[in-house]
Amino acid sequence: MRDCPYSIDALLPHQPPMILLDKVVAYDDATLIASVAITESSLFLAGEGVPGHVGIEYMAQACGAYAGAQALDAGEPVKIGFLLGTRLCRVLVPWFRIGDRLIVTASISFRDEQMAAFDCRVEIDGRLAADAQLKVYQPDDDQLLINKGDER
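Here we summarise the structure given alongside this text. (Residues numbered from 1 in each chain as written. Predicted model: local features only at pLDDT ≥ 70, side-chain atom pairs only at ≥ 80, totals over all residues. Heavy atoms only, no water.)

1. Things to note about helix H2 (residues 55–73)
Residues three or four positions apart in an α-helix share a direction because the helix packs 3.6 residues into each turn.
Item 1. Look at H2: 27 Å from first C-alpha to last across 19 residues, which is about the 27 Å you get at 1.5 Å a residue.
Item 2. Among all positions in H2, only Gly55, Tyr58, Met59, Ala60, Gln61, Ala62, Cys63, Ala65, Tyr66, Gly68, Ala69 and Ala71 are buried.
Item 3. Positive phi appears at Gly75, one or two residues downstream of H2, with a value of about 75°. (Helix = DSSP H or I, 4+ residues; strand = E, 2+ residues; numbered from the N terminus. Expected span 1.5 Å × (residues − 1). Buried < 20%, exposed > 50% of the residue type's maximum accessible area, 1.4 Å probe, protein only.)

Rendered as structure tokens:
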């Protein structure tokens, strides 16, 4: 694993406020580890914190950050990807509470040119809070390239 030289907004095609991860902690050819702190300004904050089911978006963004880091390492642009679905998704906490620091891990279990499956997990203080296998798709279509400064 190596430190990530890229900011999270360089890795994801999202625009604020939809960038939910704070940063990528480390990554390699098969795995990415990201973090997010739950604060009073966290998107989707309600009731006792951020609802546990938002964990699937944290995991999906970790997959996207992995693809973004791989693209930038190869000198290629970041492209849009799509979450197709999940298998074996478990959410073990009802809320991510203010003050929680989440560690989100995405590890490749299958990959070809456009499709991939990631084994993902969200941990709080070393305890499993959510996990899932996410299926994702990234088309080759050049029209789906991201140019954050282009407002077409």
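2. Thoughts on the environment of Leu84
Item 1. As for its position among the elements, Leu84 is in strand S4 (residues 82–91).
Item 2. Along the chain, Leu84 and Gly99 lie 15 residues apart, while their C-alpha atoms are 31 Å from each other.
Item 3. Among residues more than four places away in sequence, those in contact with Leu84 are Met115, Lys135, Val136 and Tyr137. (Contact = heavy atoms within 4.5 Å.)

3. Describing the pairing of strand S8 (residues 127–137)
For a regular strand, the rule is simple: side chains alternate between the two faces of the sheet.
Item 1. By the bridge criterion, 7 bridges tie S4 to S8 in an arrangement that is antiparallel. For Val91, the partnering residue across the bridge sits in S8 and is Ala130.
Item 2. Where strand S7 (residues 115–124) meets S8, 10 bridges bridge the pair, whose relative direction is antiparallel. Bridge assignment links Met115 to a residue of S8, and that residue is Tyr137.
Item 3. Between the antiparallel neighbours S7 and S8 lie 2 residues, among them Asp125 with a positive phi of about 50°. (Pairing = 2+ DSSP bridges.)

4. A short note on the layout of surface pockets
Item 1. The calculated volume of the largest pocket comes to roughly 770 Å³.
Item 2. Lining the largest pocket we find 37 residues, and of these Cys63, Ala67, Lys79, Gly81 and Gln138 sit closest to its centre.
Item 3. Among the elements that take part in the lining of the largest pocket, H2 stands out by supplying 10 residues, more than any other.
Item 4. Residues of the lining of the largest pocket, tallied by class, amount to 21 nonpolar, 8 polar and 8 charged. (1 Å grid on protein atoms, 1.4 Å probe; cavity = no way out; pocket = protein on both sides within 12 Å on 5 of 7 lines; lining within 4 Å. Points joined across faces, edges and corners; volume = space filled by probe spheres on them. Nonpolar A, V, L, I, M, F, W, Y, C, P; charged D, E, K, R; others polar.)

5. Observations regarding the sheet that holds S4
Backbone-to-backbone hydrogen bonds join strands into a sheet, with any given pair of strands oriented parallel or antiparallel.
Item 1. Here 6 strands make up an open sheet; going across it, the order is S1-S2-S6-S7-S8-S4 and the pairing antiparallel. The open sheet has two free edges, formed respectively by strand S1 (23–27) and S4, since each of these has just one partner strand. Going from strand to strand, the sheet's axes swing by 25° on average, the running direction of each strand aside.
Item 2. As defined by bridge partners, strand S2 (residues 31–37) adjoins strand S6 (residues 101–111) across 7 bridges and the pair is classed as antiparallel. By the bridge assignment for S6, Ile33 is matched with Thr105. (Axes fitted to C-alpha atoms, helices over the stretch in contact; angles between N-to-C directions.)

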